[in-house]
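Secondary and tertiary structure notes
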Amino acid sequence: MALVFFNIALLAGALLINFQRHGEDMSEVTAQEMKQRLMSKLHQRGETMTRLLAENLINPVYDYDIQAIFEISQTALNQEDVIYFYVLDNEEKVVHDGIDEIPTFGQRLEDPVAIRAGKSDKFLIQETNYFIDYSMPLMISEDTQIGRIRLGFSLSGVMEDIAEVNERLLQIKQRGENQSLYVLLLITLGLFILALLLAVWVSNSLSRPITRLTEFARRIGEGDDSVKIDIARNDELGDLAKSFSSMHSKLSQNREQLIEYSNSLEQTVEERTRNLKDAKEAAEAASRAKSEFLATMSHEIRTPMNGVLGMAELLLASELSGRQKHFAQTILRSGDTLMAIINDILDFSKIEAGKLELEQRDFDLRITLEDTAEFLAERAHNKGLDLTPVLPLDPVMMVSSDENRIRQILINLIGNAIKFTEVGEIVMRLSKLQESAETLTLHFEVEDTGIGMTREQQNGIFESFSQADSSTTRKFGGTGLGLAISHQLVAALGGKLEVESELGKGSNFHFTLDLPVAEPVDAITEFTRELDAVRVLIVDDNPTNREILHNQCNAWGMIDGIADSGDKALEIIRAAERKGDPYELIILDWHMPNMDGIELAEQIQNDPEISPKRMVMLSSAAFDEETQRAKAAGIHYYVNKPVRQRALYDCLTNVINIPEPTEDITEPRLAHAADSPLHAHVLLAEDNPVNQEVALSMLEILGCRVTVVDNGEQAVEATLREDFDLVLMDCQMPVMDGFQATSEIRRYHSSADAPQQRHMPIIALTANVQKGIQQECSAAGMDDYMSKPFDQQQLWAVLTKWLGAPVASQQVDADQQPSAAVTEADAVNPLQQDSLEKIRAMQRPGAPDLLKKVIDIYLNDSPMLMQAIRQSIESGDAKALEEAAHSLKSSSANLGVMRVSELSRELEQFGREQTLEAAHKLLDDLESAYHMACSALSKEIELCANA
């Protein structure tokens, strides 16, 4: 029995030892699991608090609200176990921190560049033996970061709890070992019952409470705050249960505080969000009010300013002393400067107020760019600069967009380039990047050789009221609005204005636009092959100009040579003469170093080894400044730069068709009435007095007897009374227009009541160029078509075509018929002198001064047309606007008042399309151009009187 009890004791002892070892293993597992759950709980708290703090710090950091940042930081630092908290900006600088020194680790948490780029949108957690560091970026959008925060949680409390649990488990382990030995000795002595009781006690006293504590720890780790630890013991397990209970109480308390803090932060965020929204709406309302005020005031100022400028121009046209004239000129210059500033402010205010409206209309982009270059050429030439447009070779580039805004952008950019360039050139370049049947992708560039800019100046050059030099002693004036307006206009057109510049080496402003392709107004006139195989030598020291002329001449089939100086040109010309393959045509630039164009022409003309040449001179100087010298040097045509493509082509074809230079070409070749009078009876139906007088004079010079009527109804009545050889019929007239009158005349003369049935030639006269006008004329029964304004050669050609008279040679020399490029005066001048010269040429001996008479008629009648235009726009009468603008357009064109004629043409189009809102914008420009033209015409009358 003893052996049995001994075996039982041994078995019980072994079981007890195994159970004790199992208890040790369970204790170790429980301690590790407890640590993990406590750390998980702490991480959850740290992450929650970090997210809340980050969300509430976005607005204060964005607004740089130091007080709000400080309050939130203090709230964080007051939390238990928080040992530090600080806020960093994107440059890793501390906005506000809660400690003197920022904890550092072996390496940075993450590259700040990556953080600023928005690549890190998660928590960054780094753990040491003493604390845990939480880092989170402050993001105002998915890809924009304004800073980050770092929050440090101390591990001391958790470590103390874990250490206490470990200590208690160690004590249990040690006591369990001692008790196991004691029980084992008793069992060894055969106390089987005691061994059995000991086994039961171990089961009840150790395993079950530890298992319950493990379950409590698991539920606490899962966030179950309802757990109640009800183990009441006075031993180590009781102490362990108390530690668990204390830890659970602290965690529950921290959770409640965190929830309370979260609620208070949410309320603060909502309040600050409301305040921010109210402030934003107030700022936007203030900005709109400011912009609307600027727009209203700028518009109101323009009206009296137009009066000031107009009266200053009229004052200059009157008899003034030298001192008075100086005062008036100062007023005019100051007014022009002020008007430019007002226009900039008006445009800028419209853009800011969101009231900028873009027009969509068809236009020829080549003409627009050539007009712009021509408009600014004199300003550039006055500073000794070359303004060169480099355009594609297409004769017509019809697109649909806002022509005026594109012109405004280019004027701003070119004007800016002229202002900041002292030496060199300005190049306006247009390139076709892509072309389809529907769209043209075009790249615009304005490049100068001016002062250039630094990188810092380029960064702010497109900001409102910004200038590269903003000091009060700056050399260059201006409001700083031109580039800002251009930048926003380009954006409104679908592009982006950019700049490339280097200090001291110039700037390049460029942008790209996708413009819809438009149908041409009339059939495109391709260049003929008259210049095929013509040998031409291009002489110019400017490489850009040489490139342009080379490309154009090649496109027309010419065989060209190039020289960059006068000496080089002479070598090339003499070499070609010796080879027996001389150049037929020489294109010369006037301003060249060492030997200018006129000196070169003189040497070519006087060199016996060189055969006579046809020569064309290109120059930036005014036409009347050097024309006599050029003519004496043997120059056939003198063309102002920048020269239009069509004008250059016409010039070269005219020159190449001139008789050999050895012939006498000083007398004009145009047939005159004295040589071959037509003796035709012509009916002139024209309502505009200026056009009547000009056409009447032309017809009388050609030997015609003329009957003049004012409208279509009178024209019909006149054809019933008299028999005319030919009728010149204006298309737009009051009472009955030219189309109706022609139909009536055709109907009557084809009826049985007509005394004789014959076909009377009726020639349409119209200033309209819209698509289909020729077809409309033909449908009405008109035989031919002549655009206004027309010259005497065109009229002679039409009359001889329909009256059967012999056609004399119409070729003239440089004095009698300048090239198109010469006759088109610069757009900054109110008058084109060649138009006035044509009227002077029609002066007959002993007759009253024709030019003075025509100008008097214009000055008397045009104010009524201006008044009719103003009233029709104000009253919204589109038809009246179309009629008045049409009449002013044609009469202005006859007198060379091309700016007024062009603006009238646009207003006529607005009236035809019934877009009167757009017409309001042009009225001020028309009135300003009209006042300038009247002043210039008054001076012409004075010249006529003094002649």
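Residues numbered from 1 in each chain as written. Predicted model: local features only at pLDDT ≥ 70, side-chain atom pairs only at ≥ 80, totals over all residues. Heavy atoms only, no water.

Let us look at unusual backbone geometry. Unlike most non-glycine residues, Ala533 shows phi in positive territory, near 65°. Counting through the fold element by element, Ala533 comes out in the loop between strand E12 (506–516) and strand E13 (535–539). At Gln914, a position not held by glycine, the phi torsion is positive, near 60°. By the secondary structure assignment, Gln914 is in the loop between helix H26 (898–913) and helix H27 (916–946). By relative accessible area, which is 64% here, Gln914 ends up exposed. (Helix = DSSP H or I, 4+ residues; strand = E, 2+ residues; numbered from the N terminus. Buried < 20%, exposed > 50% of the residue type's maximum accessible area, 1.4 Å probe, protein only.)

Turning next to helix H16 (residues 645–656). Look at H16: 17 Å from first C-alpha to last across twelve residues, which is about the 16 Å you get at 1.5 Å a residue. Of all twelve residues in H16, nine are buried, a share of seventy percent or more. Here H16 has its buried residues at Gln645, Ala647, Leu648, Tyr649, Cys651, Leu652, Thr653, Val655 and Ile656. (Expected span 1.5 Å × (residues − 1).)

Another point: the packing of helix H13 (residues 566–578) against helix H14 (residues 597–606). Between H13 and H14, whose axes approach to 10 Å, the crossing angle comes to 25°. On the basis of their axis angle, the class for H13 and H14 is roughly parallel. The handedness of the crossing between H13 and H14 comes out as right-handed. Between H13 and H14, the contacting residues are Gly566, Ala569, Leu570, Ile573 and Arg574 on the first element and Leu600, Gln603 and Ile604 on the second. (Axes fitted to C-alpha atoms, helices over the stretch in contact; angles between N-to-C directions. Parallel < 35°, antiparallel > 145°, perpendicular 65-115°, else oblique. Left-handed = near helix turned anticlockwise from the far one by under 90°. Contact = heavy atoms within 4.5 Å.)

Counted by the stated rule, this structure contains three aromatic pairs. Taking 5.9 Å as the distance between ring centres and 25° as the angle between the ring planes, the aromatic pair formed by Tyr84 and Tyr86 counts as stacked. Take Tyr84 and Tyr86: they sit in the same class, and that class is buried. The aromatic ring of Tyr583 is capped on one face by Arg535, whose charged end is 4.3 Å from the ring centroid. (Phe/Tyr/Trp six-rings, centres within 6.5 Å; stacked < 30°, edge-to-face > 60°. Lys NZ or Arg CZ within 6 Å of the ring centre and 35° of its normal.)

Right, let's get into helix H9 (residues 403–419). Since one α-helical turn is 3.6 residues long, residues separated by three or four positions face the same way. With 17 residues, H9 should reach 24 Å at 1.5 Å per residue; the first-to-last C-alpha distance of 24 Å fits that figure. The N-cap residue of H9 is Asp402: its side-chain oxygen and the backbone nitrogen of Asn404 are 3.3 Å apart. (Polar contact = N/O pair within 3.5 Å; in protein donor to acceptor, adjacent residues only side chain to side chain.)

Bringing the packing of helix H17 (residues 689–701) against helix H24 (residues 850–875) into the picture now. Angle between the axes and distance between the axes are the two parameters that describe a pair of packed helices. At a minimum axis separation of 8 Å, H17 and H24 run at an interaxial angle of 165°. By the angle between their axes, H17 is roughly antiparallel relative to H24. The two elements H17 and H24 cross, and the hand of that crossing is right-handed. Along its contact with H17, which presents Pro689, Val690, Glu693, Val694 and Ser697, the element H24 presents Leu850, Lys853, Val854, Ile857, Tyr858 and Asp861. Classifying every residue of the contact of H17 with H24 by side-chain character gives seven nonpolar, one polar and three charged. (Nonpolar A, V, L, I, M, F, W, Y, C, P; charged D, E, K, R; others polar.)

Moving on to the confidence of the model for the chain. Residues at a pLDDT of 70 or more form 73% of the chain, whose mean pLDDT is 76. Ignoring residues within four places in sequence, the model shows residues 98–121, a span with pLDDT below 50, making 43 contacts including any to other chains. When the criterion is pLDDT under 50, residues 468–475 qualifies, and its contacts beyond four places in sequence or with other chains add up to seven contacts. (pLDDT = per-residue confidence, 0-100.)

Right, let's get into the environment of His43. Residue position: His43 is located in helix H1 (residues 2–63). The class for His43 is buried, based on a relative accessible area of 19%. Spatially, the C-alpha atoms of His43 and Phe153 are 9.1 Å apart, while their sequence positions differ by 110 residues.

Considering the arrangement of structural elements, one finds Asn554 in helix H12 (residues 543–555). Here the alpha-carbon distance between Asn554 and Leu531, two residues 23 residues apart in the chain, equals 9.8 Å.

Before going further, it helps to examine the environment of Ser507. Inspection of the secondary structure assignment puts Ser507 in strand E12. Its relative accessible area of 6% is what places Ser507 among the buried residues. If near-sequence neighbours (up to four positions away) are discounted, Ser507 is found in contact with Val446, Glu447, Asp448, Gly452, Met453, Val499, Glu500 and Ser501.

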